[in-house]
Amino acid sequence: MKDGIGSGGSYEGRRVPGASSQGDFACGAASGGAPLARLAVYKACWPSPGKGKEEGNTCLEEDLLVAIDDAIGDGVHMPSISTGTPKPVNYTDDGIAIGALHAVKKDIVVVCSAGN
């Protein structure tokens, strides 16, 4: 049920009969919390040039803003964003804050972590 890069699949996952965890523990059917929901994923962060995954990714403000605006244009009902910056960013330069404002102006609720 986990999608490998986050937990989106466990929230929207369809019913799976015969599931279990750790062998015989919790045998039965499993489903996500909203099995009729659809998941939309937008890539906004990229590997840092010359660095390994353990050293983090590069998330440019412009890419974050474009991803949010694309989600709005595609009809996403509730964007959920879980990324952050190592240091505070002024609202006027923050792609997430600007994108969230675009969404809120269209009556779209945005869920956003305070960092990841």
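Located above this text is the structure these notes cover.
First, a word on what this report is: a plain description of the structure on this page. (Residues numbered from 1 in each chain as written. Predicted model: local features only at pLDDT ≥ 70, side-chain atom pairs only at ≥ 80, totals over all residues. Heavy atoms only, no water.)

## What to know about helix α3 (residues 95-104)
Line of reasoning, step 1. Of all the residues in α3, the buried ones are G95, I96, G99, A100 and A103. End-on, the buried residues of α3 take up no more than an arc of 125°, which puts them together on one face.
Line of reasoning, step 2. Structurally, α3 contributes buried residues whose contacts are with α2 (61-73), β5 (80-81) and β6 (111-112).
Line of reasoning, step 3. Taking the backbone nitrogen of I96 as reference, a side-chain oxygen 2.9 Å away marks D94 as the first, capping residue of α3. (Buried < 20%, exposed > 50% of the residue type's maximum accessible area, 1.4 Å probe, protein only. Helix = DSSP H or I, 4+ residues; strand = E, 2+ residues; numbered from the N terminus. Arc of directions from axis to C-beta. Contact = heavy atoms within 4.5 Å. Polar contact = N/O pair within 3.5 Å; in protein donor to acceptor, adjacent residues only side chain to side chain.)

## So, the nonpolar core
Line of reasoning, step 1. The biggest cluster of nonpolar side chains holds nine residues, and these are A44, L64, A67, I68, I72, I81, I96, A103 and I108.
Line of reasoning, step 2. Looking at this core, the elements that each hand over two or more residues are α2 and α3.
Line of reasoning, step 3. Looking at this core element by element, the count peaks at four residues for α2.
Line of reasoning, step 4. The contact partners of I68, leaving out residues within four places of it in the chain, are I81, G95, I96, G99 and A100. (Core = buried A, V, L, I, M, F, W, Y, C linked by side-chain atoms within 4.5 Å.)

## Describing α2
Line of reasoning, step 1. Its 13 residues place the ends of α2 18 Å apart at the C-alpha level, agreeing with the 18 Å of an ideal helix rising 1.5 Å per residue.
Line of reasoning, step 2. By the burial criterion, the buried members of α2 are E61, L64, A67, I68, A71 and I72. One side of α2 carries all its buried residues, which in axial view fall inside an arc of 135°. In α2, the exposed positions that point more than 90 degrees away from the buried face belong to E62 and G73.
Line of reasoning, step 3. Considering only its buried residues, α2 is in contact with β5 and α3. (Expected span 1.5 Å × (residues − 1).)

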